[in-house]
Amino acid sequence: MKTKLTTSISLTAMLLCAILTAVSADIAPPLQPPGANPAPLEYENTFVDMSYELVRINVEDTSNLYYTDKSIDTVNARVMALFIMGNQSETAETLKVLFPLNNIDGKGDEGFSYPEIQNLEIAVNEDPVTWAEKTTPNPRSSDDPEIKWAKFEVEFPSGEPTIIVIEYDLQSTGWFPEAAFQYILETGGGWYGPIGEAHIDLILPYEASVENVLFGDPDSEYYWKITSPGAVFEGNEVHWEYTNLEPDAEDNWEATIIAPSIWEPILDLRERIAQGDGSAYAEITNLYDDLYLGHGIRQGTEGLILKNYEAYHKALEFDPKDDDVLARFADFMLTLDEVGYGWEKTPIELDDIYAMASQALEINPLNEIAPYVIRELENAPYNFTPAAVSTATEQPADSGNQGVELESAVSVEDQQDRPDKGSESQNNTISYLLGAGLLAAVSVIAVLVYKLGKKNAS
């Protein structure tokens, strides 16, 4: 298919990330404070080492951000971090130990709030300890709020292990239904010598796989790390292991998943499909759509985009006159065309897209998605000629849409823009405030962002 916009979606997503650092937007949870290794106060000289650590991140349910009245979806997690420390000197050491309560880089969220770790509990050798708050200057600017730390005192006897356990609640960041978690290993660099062993476990409420834990393609020109490499899958857990680690910023861990509130219904619908329920195809396309509409194709979801394409065909095999499926399928394919997605795998032409949207309107003149698709095709950058539809008499041979006739185009000059088609769990508002300079610098990308953003625009 020949398109006027061939910019890759990965590049678009990278530019969106840059935009979000400059303007306020409600499309995603703000940056949350990641967990981190404890550190000796001011990295003072010590002979205490970290011989072993185990971090277990238990992914829980979807909720709203705890510190804002806005309805912003996020994913909760409970974190348990266990550290075995050893004093390599001949005398006992008593140290002030620090654990960060918010982001140590000094960056808050886009609303200029500075969220903190919640429900922090600390135990040393199984005995609960109290902690006090300590602040340090913000590394970004002295005008920015100070960094908050939990400070607690620990005695490290010579020749004996000391076990520190830290537990807390964490919320994800990322463009929902994407959910990202981070863990800062570099703060462990203040102890004596390297970290002997470090284990990080991510625990999901269902089987973990490369479908629901997103990695992206490292060979892609526009790849950036969204999940740390080296993962090993085992049931509903994903494991990372490090040995003799002298951590710096490059070693900090992160993982990006599809939120359980999306993935669990997908699994349920797949089971219904496996049992022969053809009506489940239309339902599952709605969930697959939630993975990209308004934000572009996320790294690691390319296989799910192809599953969505196949599910749309199956949905029309089950009910060729479903105007909602016809209109959403047209919108789905138009979006793939706009971002230049691989057409050798999704071979539908512009006249087929126009025909599906037109037929959806003929079946249901009140369909709210089809008019948007038609107008987008008729206007720049496509300037598609509706008369071309008259030469197409049927859907593509491989679509499986037997019996679906392509009707003449319907005028949509007075119709409304594409409405919000997201699931009930995705009600966030997209509000991009782009300055004139940014528009001039990335005009083509801005047009694409505007198109994708119409779905949820308030």
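The structure this text deals with has already been given above.
Structure report, in brief. Bear in mind that the values here come from a model prediction, so they are computed numbers and not experimental data.

1. Remarks on helix α5 (residues 323-338)
Logical step 1: For α5, with 16 residues, the first-to-last C-alpha span of 22 Å sits near the 22 Å given by 1.5 Å per residue.
Logical step 2: The buried count for α5 comes to 15 of 16 residues, which makes it a mostly enclosed element.
Logical step 3: A positive backbone phi angle near 70° is found at Gly340, which sits one or two residues after α5.

2. Regarding the sheet that holds strand β2 (residues 39-40)
Logical step 1: Read from one edge of the open sheet, four strands run β2-β5-β9-β8, paired in antiparallel fashion. Lying at the two open borders of the sheet, with one neighbouring strand each, are β2 and β8 (132-136).
Logical step 2: Pairing of β8 with strand β9 (residues 147-156) involves five bridges; the strand directions are antiparallel. Within β9, the position partnered with Glu133 by the bridge is Ala150.

3. A few points about unusual backbone geometry
Logical step 1: Cis rather than trans, the peptide bond between Phe176 and Pro177 has omega equal to 15°.
Logical step 2: Despite not being glycine, Asn119 shows a phi value in the positive range, around 55°.
Logical step 3: The residue Asn119 is located in strand β6 (residues 118-124) in this model.
Logical step 4: Positive phi, close to 75°, is recorded for Glu126, a residue that is not glycine.
Logical step 5: Assessed through its relative accessible area of 77%, Glu126 is described here as exposed.

4. What to know about the packing of helix α3 (residues 280-289) against helix α4 (residues 302-318)
Logical step 1: For the pair α3 and α4, interaxial distance at closest approach is 8 Å and the crossing angle is 150°. One finds that α3 runs roughly antiparallel with respect to α4. The handedness of the crossing between α3 and α4 is left-handed. Contacts from Tyr281, Ala282, Ile284, Thr285, Tyr288 and Asp289 in α3 reach Leu304, Lys307, Asn308, Ala311, Tyr312, Lys314 and Ala315 in α4.
Logical step 2: Of the residues contributing to the contact of α3 with α4, the split by class is eight nonpolar, two polar and three charged.

5. Remarks on the pairing of strand β5 (residues 93-100)
Logical step 1: Most of β5 sits out of view: six of its eight residues are buried.
Logical step 2: Where β2 lies against β5, two bridges are found, and the strand directions are antiparallel. The partner of Ala39 across the bridge, within β5, is Leu98.

6. Concerning the sheet that holds strand β11 (residues 178-184)
Logical step 1: If you trace the four strands from one edge of the open sheet to the other, you get β1-β11-β16-β13, paired in mixed fashion. At either margin of the open sheet sits one strand with a lone partner, and together these are β1 (35-36) and β13 (213-214).

7. Description of the nonpolar core
Logical step 1: Among the nonpolar cores identified, the biggest contains 65 residues, and Ile164, Leu202 and Trp253 are the most heavily contacted of them.
Logical step 2: The element best represented in this core is strand β4 (residues 73-87), accounting for six residues.
Logical step 3: When residues no more than four places from it in sequence are discounted, the contact partners of Leu202 are Ile57, Val59, Asn236, Glu237, Val238, Trp240, Trp253, Ala255 and Ile257.
Logical step 4: In terms of nonpolar packing, the next biggest core, distinct from the first, is built from 35 residues, Tyr312, Tyr341, Ile374 and Tyr382 among them.

8. Notes on the packing of aromatic side chains
Logical step 1: A complete count under the given rule lists eleven aromatic pairs for this structure.
Logical step 2: On the basis of an interplanar angle of 70° and a centroid distance of 6.0 Å, the ring pair of Phe156 and Trp191 is categorised as edge-to-face. Separated by 35 residues along the polypeptide, Phe156 in strand β9 and Trp191 in the loop between β11 and β12 (195-203) bring together distant segments of the chain. An identical accessibility class is assigned to Phe156 and Trp191; each is buried.
Logical step 3: For the ring pair Tyr309 and Phe329, a centre distance of 6.2 Å and an interplane angle of 70° mean the geometry is edge-to-face.

9. Points about the packing of helix α6 (residues 350-363) against helix α7 (residues 370-378)
Logical step 1: Relative orientation of the contacting elements α6 and α7 amounts to 145°, with a least axis distance of 8 Å. Here α6 and α7 pass one another in a crossing that is left-handed. Together, Leu350, Ile353, Tyr354, Ala357, Ser358, Ala360 and Leu361 of α6 and Ala370, Pro371, Val373, Ile374, Leu377 and Glu378 of α7 make up the contact between the two elements.
Logical step 2: Of the residues that constitute the contact of α6 with α7, the class distribution is eleven nonpolar, one polar and one charged.

Reading the values: rules and limits
- Residues numbered from 1 in each chain as written.
- Predicted model: local features only at pLDDT ≥ 70, side-chain atom pairs only at ≥ 80, totals over all residues.
- Heavy atoms only, no water.
- Helix = DSSP H or I, 4+ residues; strand = E, 2+ residues; numbered from the N terminus.
- Expected span 1.5 Å × (residues − 1).
- Buried < 20%, exposed > 50% of the residue type's maximum accessible area, 1.4 Å probe, protein only.
- Pairing = 2+ DSSP bridges.
- Axes fitted to C-alpha atoms, helices over the stretch in contact; angles between N-to-C directions.
- Parallel < 35°, antiparallel > 145°, perpendicular 65-115°, else oblique.
- Left-handed = near helix turned anticlockwise from the far one by under 90°.
- Contact = heavy atoms within 4.5 Å.
- Nonpolar A, V, L, I, M, F, W, Y, C, P; charged D, E, K, R; others polar.
- Core = buried A, V, L, I, M, F, W, Y, C linked by side-chain atoms within 4.5 Å.
- Phe/Tyr/Trp six-rings, centres within 6.5 Å; stacked < 30°, edge-to-face > 60°.

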